[in-house]
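Understanding the architecture of this molecule
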Amino acid sequence: ASAILSGLVGSEMCIRDSNIIPQLRNYWSEKLNLDLEYVKSCKGLLPATKFAVDAYVNFVENKSLLEGIASSLTEIYAPAIHQERIAGLSKYYDWADDYALAYFKKRINQARRDVEFGREWVIKNAISRSDQEAVLNAVKFKTEVLWAQLDALYELLSDKRKKKVKNEFESF
């Protein structure tokens, strides 16, 4: 369950006093039967997820404003991802009610606005060839961060599935 929570929002639940609504974190923790203090502590956060998020935060803090905003352009895919996430969670998890999914529903339109702002800002401010290359490198870096998070979650879930199949096989 903590892997699901970690995969849903990365480390937004606990890193740097996130903007995610504390009541929603509390609600998810309750619905997933997770100890709230454990969730707040981030002890169950996948190490690769924490590393990826920390790398991204470090990138945004230490690179130019242009690179920081450019890296957010990966949000162009967020509306479709959130719609799939909402559909999948609703289909497979009893706890995925309207309140539990409110964060993702809100992000559908919010991500569109964020991307439009970011796209216009980057086009206006990436004047030189080096600026434009920095934009491309920033987006590439962010996609690598996202892949690292997905790879970590996939590996965890694949390993758990392999162990489950092995245990079922051995019980015959």
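Residues numbered from 1 in each chain as written. Predicted model: local features only at pLDDT ≥ 70, side-chain atom pairs only at ≥ 80, totals over all residues. Heavy atoms only, no water.

1. Digging into the overall build of the protein chain
Let me state the cut-off plainly: By definition, any uninterrupted DSSP run of H or I lasting at least four residues is a helix, any uninterrupted run of E lasting at least two residues is a strand, and each is numbered from the N terminus. Only protein chains enter the calculation, and the probe is 1.4 Å; a residue is then buried if its accessible area is under 20% of its type maximum, exposed if over 50%, and partly exposed in between. Note on contacts: a residue pair is in contact if any heavy atoms of the two residues lie within 4.5 Å.
What the protein chain contains, in helices and strands, is eight helices and zero strands. Reading the protein chain from its N end, one meets helices and strands in the order α-α-α-α-α-α-α-α. Per-residue burial for the protein chain yields a buried fraction of 37% across its 172 residues. Looking at the protein chain alone, contacts between residues at least 24 apart form 74% of all its contacts between residues at least 6 apart.

2. Quick word on the confidence of the model for the protein chain
When pLDDT is low, close inspection of the predicted coordinates is not appropriate. So the rule is basically this: pLDDT gives the predictor's per-residue confidence on a scale running from 0 to 100.
On average, residues of the protein chain score 84 in pLDDT, and 83% of them reach the 70 mark or higher. Averaged pLDDT values over the elements of the protein chain bottom out at 47 in helix H1 (residues 2–9) and peak at 96 in helix H5 (residues 65–71).

3. Regarding the packing of helix H6 (residues 78–92) against helix H7 (residues 102–125)
Relative placement of two packed helices is described by the angle separating their axes and the distance separating the axes. Here is the rule we go by: Helix axes use the C-alpha atoms of the stretch in contact, all axes being lines fitted to C-alpha atoms, and the angles between their N-to-C directions lie in the range 0 to 180 degrees. Should an angle lie under 35 degrees it is considered roughly parallel, over 145 roughly antiparallel, and from 65 to 115 roughly perpendicular; all remaining angles are considered oblique. Classification convention: Asp, Glu, Lys, Arg as charged; Ala, Val, Leu, Ile, Met, Phe, Trp, Tyr, Cys, Pro as nonpolar; all other residues, Gly among them, as polar.
Packing of H6 against H7 brings their axes to within 8 Å, and their N-to-C directions diverge by 170°. One finds that H6 runs roughly antiparallel with respect to H7. Along its contact with H6, which presents Ala78, Pro79, His82, Gln83, Arg85, Ile86 and Leu89, the element H7 presents Phe104, Lys105, Arg107, Ile108, Ala111 and Arg112. Across the contact of H6 with H7, the residue classes break down as seven nonpolar, two polar and four charged.

4. What about the nonpolar core?
Worth spelling out the cut-off: The set of buried Ala, Val, Leu, Ile, Met, Phe, Trp, Tyr and Cys residues whose side-chain atoms join them within 4.5 Å is what this entry labels a nonpolar core.
The biggest cluster of nonpolar side chains holds 15 residues, and the ones touching the most others in it are Trp28, Leu89, Trp95, Leu101 and Phe104. Counting residues per element, the ones that place at least two in this core are helix H2 (22–31), H6 and H7. With nine residues, the next largest nonpolar core counts Ile69, Ala70, Val122 and Ala126 among its residues.

5. Considering H7
Think of an α-helix as 3.6 residues a turn; residues three or four steps apart then line up on the same face. The following threshold applies: Any helix carries an expected span of 1.5 Å times its number of residues minus one. By definition, a residue's bend is the angle between the axes fitted to the seven residues ending there and the seven starting there.
Between its first and last C-alpha, H7 extends 34 Å over 24 residues, near the 34 Å set by a 1.5 Å rise per residue. The largest bend along H7 measures about 35° and falls at Ile108. Where H7 is concerned, the buried positions are Tyr103, Phe104, Arg107, Ile108, Ala111, Val115, Gly118 and Val122.

6. Details of the pattern of salt bridges
Spelled out, the test is: Basic side-chain nitrogens of Lys or Arg form a salt bridge, by our definition, when they fall within 4 Å of a carboxyl oxygen of Asp or Glu.
Inspection of the entire model under this criterion finds eight salt bridges. A salt bridge links Lys105 to Asp98; the nearest nitrogen and oxygen atoms lie 2.8 Å apart. On the basis of relative accessible area, Asp98 is assigned to the exposed category, the value being 59%.

7. Section: unusual backbone geometry
The phi angle at Asn33 is positive, at roughly 55°, despite the residue not being glycine. Position of Asn33 relative to the elements: it lies in the loop between H2 and helix H3 (36–41).

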